[in-house]
Amino acid sequence: RLACAAASAGAEVDGAPLPPVFDGCSRTITPSDELRARDLYVGVVNDTRVTDTATSRAAAVDALTEAAELNPFVGEPRTVLAQCWLAD
């Protein structure tokens, strides 16, 4: 949200424009989506049963997919998702 406000004001950092993240600082994520994505990701990472069964991996894939959709600007859910796919 801060970067979006800075971009709309034409802010620069040391004479350089803001980096092209968050669609040029034009998109924000709601706090509820951010928290939900975090909780889904942390729930998978902290679950030691994820690699035990295909059912656990399927649940992890679902949670990580939702986390990536809720917060598309964070790469960690996609990285763990790739690891789940490789485990199958």
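Residues numbered from 1 in each chain as written. Predicted model: local features only at pLDDT ≥ 70, side-chain atom pairs only at ≥ 80, totals over all residues. Heavy atoms only, no water.

Caption draft 1: Quick peek at the overall build of the protein. Within the protein, the secondary structure is distributed over 5 helices and 2 strands. Secondary structure elements of the protein occur, N-terminal to C-terminal, as α-β-β-α-α-α-α. When the 88 residues of the protein are sorted by exposure, 20% land in the buried category. Across the protein, the fraction of contacts at a sequence separation of at least 24, relative to all contacts at a separation of at least 6, is 50%. (Helix = DSSP H or I, 4+ residues; strand = E, 2+ residues; numbered from the N terminus. Buried < 20%, exposed > 50% of the residue type's maximum accessible area, 1.4 Å probe, protein only. Contact = heavy atoms within 4.5 Å.)

Caption draft 2: Representation of the pattern of salt bridges. Considering all chains together, one arrives at 2 salt bridges under this definition. For the salt bridge of Glu66 with Arg36, the shortest nitrogen-to-oxygen distance reads 3.3 Å. Residue Glu66 is found in helix 4 (residues 54–70), and its partner Arg36 is found in helix 3 (residues 31–45); the two are separated by 30 residues along the sequence. For Glu66, a relative accessible area of 29% corresponds to the partly exposed category. (Salt bridge = Lys/Arg side-chain N within 4 Å of Asp/Glu carboxyl O.)

Caption draft 3: Representation of the environment of Trp85 in the model. Position of Trp85 relative to the elements: it lies in helix 5 (residues 76–87). Sequence-wise, Trp85 and Val61 are 24 residues apart; in three dimensions their C-alpha atoms are separated by 7.9 Å.

Caption draft 4: Inspection of the nonpolar core at higher detail. Grouped together as the largest cluster of nonpolar side chains are 11 residues: Ala37, Leu40, Val44, Ala60, Val61, Ala63, Leu64, Ala67, Val80, Leu81 and Cys84. When contributions to this core are tallied by element, the ones reaching two or more residues are helix 3, helix 4 and helix 5. No other element matches the 5 residues that helix 4 contributes to this core. If near-sequence neighbours (up to four positions away) are discounted, Leu40 is found in contact with Ala63, Glu66, Ala67 and Leu70. (Core = buried A, V, L, I, M, F, W, Y, C linked by side-chain atoms within 4.5 Å.)

Caption draft 5: Looking closely at helix 5. If you check helix 5, its first and last C-alpha atoms are 17 Å apart, about what 12 residues at 1.5 Å a residue would give, namely 16 Å. By the burial criterion, the buried members of helix 5 are Pro77, Val80, Leu81 and Cys84. The arc enclosing the buried residues of helix 5, seen along the axis, measures out at 105 degrees, which places them on a common side. In helix 5, the exposed residues that point more than 90 degrees away from the buried face are Gln83 and Leu86. (Expected span 1.5 Å × (residues − 1). Arc of directions from axis to C-beta.)

Caption draft 6: Layout of the packing of helix 3 against helix 5. For the pair helix 3 and helix 5, interaxial distance at closest approach is 10 Å and the crossing angle is 35 degrees. Taken as a pair, helix 3 and helix 5 cross one another with a handedness that is left-handed. Facing helix 3, whose interface residues are Tyr41, Val44 and Val45, helix 5 presents Glu76, Pro77 and Val80. Counted by class, the contact of helix 3 with helix 5 contains 5 nonpolar, no polar and 1 charged residues. (Axes fitted to C-alpha atoms, helices over the stretch in contact; angles between N-to-C directions. Left-handed = near helix turned anticlockwise from the far one by under 90°. Nonpolar A, V, L, I, M, F, W, Y, C, P; charged D, E, K, R; others polar.)

Caption draft 7: Quick peek at helix 3. With 15 residues, helix 3 extends 21 Å between its outermost C-alpha atoms, agreeing within 8% with the 21 Å of an ideal straight helix rising 1.5 Å per residue. Along helix 3, the positions that sit buried rather than exposed are Ala37, Leu40 and Val44. Across the axial projection of helix 3, the buried residues extend over an arc of 65 degrees, all falling on one side.

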